[in-house]
Amino acid sequence: MSFRKVVRQSKFRHVFGQPVKTDQCYDDIRVSRVTWDSTFCAVNPSFVAIIVEASGGGAFLVLPLHKTGRIDKSYPTVCGHTGPVLDIDWCPHNDHVIASGSEDCTVMVRGGPGSRGVAGVSPLRSPSPLSPQVWQIPENGLSQPLTEPVVVLEGHSKRVGIVTWHPTARNVLLSAGCDNVVLIWNVGTAEELYRLDGLHPDLIYSVSWSRDGSRFCTACKDKSVRVIDPRRGTVVAEKERAHEGARPMRAIFLADGKIFTTGFSRMSERQLALWDTENLEEPMGLQELDSSNGALLPFYDPDTNVVYVCGKGDSSIRYFEITEEPPYIHFLNTFTSKEPQRGMGWMPKRGLDVSKCEIARFYKLHERKCEPIIMTVPRK
């Protein structure tokens with residue numbers, strides 16, 4: 001069934017996207033050219049972080065949200081990695097703490113003077129070439145390059161492509177590498193809490209925590225979607241060949257415990273699917289979008305039950321409402337602009353201006369700039 005035939009008469013049918021004015025964009029930023037299917041951008045109510053091109057290693061910019069306009073080429077970066085940065089994620093419990101994973105096999109957690117520290121951690125020794133890292137950002141942003149992480153998390157043997165914080169437990173971070181291993185860390189003590197080895201026979205494309213953080217789901221290159229209980233270290237549920245295509249897929253947990261996936265059909269058409277974790281035999285809903293080849297990045301708003309889907313290389317954001325009645329995935333509308341997107345950031349709900357009926361805000365990465373896009377539901 002074509003998604004265009006399933007148009008839901010919903011209050012979110014009238015979600016309107018509006019790019020901000022040129023002077024409110026972040027200009028002259030050399031966005032990373034790495035081919036890894038990451039969002040390349042992480043946003044919170046204080047800062048926007050963007051993975052950029054860097055000579056001699058990996059780096060990302062951390063800009064105060066209000067610092068718009070042209071960004072000077074000499075603006076300081078977070079630059080402790082020796083290889084390109086592949087993924088970044090802000091801590092949901094502290095707006096000044098960010099984790100990064102890199103091709104140099106490291107995960108880092110970053111820090112600086114004048115900001116609240118990661119509980120129980122003082123800056124560590126120089127980073128090993130085999131570890132994720134965590135950084136802490138000064139209150140007013142960077143005034144000089146930040147090269148010393150607060151925490152170096154040593155454990156991966158190959159590049160680290162995914163870092164994601166636990167949604168409810170403070171100082172708990174998950175990292176996944178190209179060694180097909182998932183590690184869960186206590187950032188406060190720099191300890192490895194759980195090592196989940198042998199659950200994935202191939203490259204892990206995406207990891208998503210459930211809303212309460214008791215489980216997470218993964219999408220793997222072997223075309224399987226797995227639901228994993230990290231405490232037991234076991235696969236609770238698994239769907240083989242969730243999408244038949246060979247190109248990357250992604251899976252995210254929804255608020256009610258269902259799983260939403262994006263991927264490709266055998267004929268290389270892009271697909272969306274909704275799965276009930278109690279019965280993964282057949283999808284609750286499956287829709288084909290188009291035959292473009294860019295990976296689809298899903299963003300989920302649990303308050304409105306709307307999923308926004310952004311394709312790499314697309315110039316549009318499609319949004320769908322997930323409901324309890326068939327066909328479950330209801331196409332709402334499309335926001336379209338002229339320029340293709342290299343990556344996309346997503347503002348947490350607490351950073352939105354609800355007085356202006358704002359229900360979502362994206363940070364679209366062009367080749368040389370970052371453009372905020374505001375999603376509103378107009379009301380009288």
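Anything mentioned here points back to the structure above.
Residues numbered from 1 in each chain as written. Predicted model: local features only at pLDDT ≥ 70, side-chain atom pairs only at ≥ 80, totals over all residues. Heavy atoms only, no water.

Secondary structure summary: the chain contains zero helices and 31 strands in total. Here the C-alpha atoms of the chain give a radius of gyration of 20 Å, agreeing with the 21 Å that 2.2 N^0.38 yields for 380 residues. Its C-alpha atoms give the chain principal-axis dimensions of roughly 55 × 50 × 35 Å. Here the chain holds 380 residues, and the buried ones make up 59% of them. Across the chain, every contact between residues at least 6 apart in sequence was considered, and the portion connecting residues at least 24 apart equals 54%. As displayed, the chain offers around 15,800 Å² of accessible surface, 47% of which is attributable to carbon and sulfur atoms. (Helix = DSSP H or I, 4+ residues; strand = E, 2+ residues; numbered from the N terminus. Rg over C-alpha atoms; globule rule 2.2 N^0.38 Å. Buried < 20%, exposed > 50% of the residue type's maximum accessible area, 1.4 Å probe, protein only. Contact = heavy atoms within 4.5 Å. Areas by Shrake-Rupley, 256 points an atom, 1.4 Å probe, with all protein chains shown as cover.)

On the secondary structure map, Ala 59 appears in strand 5 (residues 58-64). In this structure Ala 59 comes out as buried when scored by relative accessible area, which is 4%. A sequence separation of 136 residues divides Ala 59 from Arg 195, and the C-alpha atoms of the two residues are 27 Å apart. Excluding anything up to four places from it in sequence, Ala 59 contacts Ile 51, Val 52, Ala 54, Thr 77, Val 78, Cys 79 and Val 85.

The subject of this paragraph is the packing of aromatic side chains. Within the structure shown, the criterion is met by 11 aromatic pairs. Both rings, one in Tyr 26 and one in Tyr 363, keep their centres 6.5 Å apart while their planes meet at 40°; by these two values the pair is tilted. Within this pair, whereas Tyr 26 is found in strand 2 (residues 26-27), its partner Tyr 363 is found in strand 30 (residues 358-365), the two being separated by 337 residues in sequence. The exposure classification of Tyr 26 matches that of Tyr 363, with both residues buried. Summarising the aromatic geometry, the rings of Phe 60 and Trp 135 are spaced 6.5 Å apart at their centres and angled 80° between planes, so their arrangement reads as edge-to-face. A residue pair is termed long-range when its members are at least 10 positions apart, and Phe 60 in strand 5 and Trp 135 in strand 11 (residues 133-136) qualify at 75 residues. For the residue pair Phe 60 and Trp 135, the accessibility class agrees, reading buried in each case. Clustering of aromatic rings is evident, with ring pairs tying together Phe 299, Tyr 308, Tyr 319, Trp 346 and Phe 362. Note that Arg 247 overlies the ring of Phe 264, its terminal NZ or CZ placed 5.4 Å from the centroid. (Phe/Tyr/Trp six-rings, centres within 6.5 Å; stacked < 30°, edge-to-face > 60°. Lys NZ or Arg CZ within 6 Å of the ring centre and 35° of its normal.)

The values are spatial; any link to function lies outside them.
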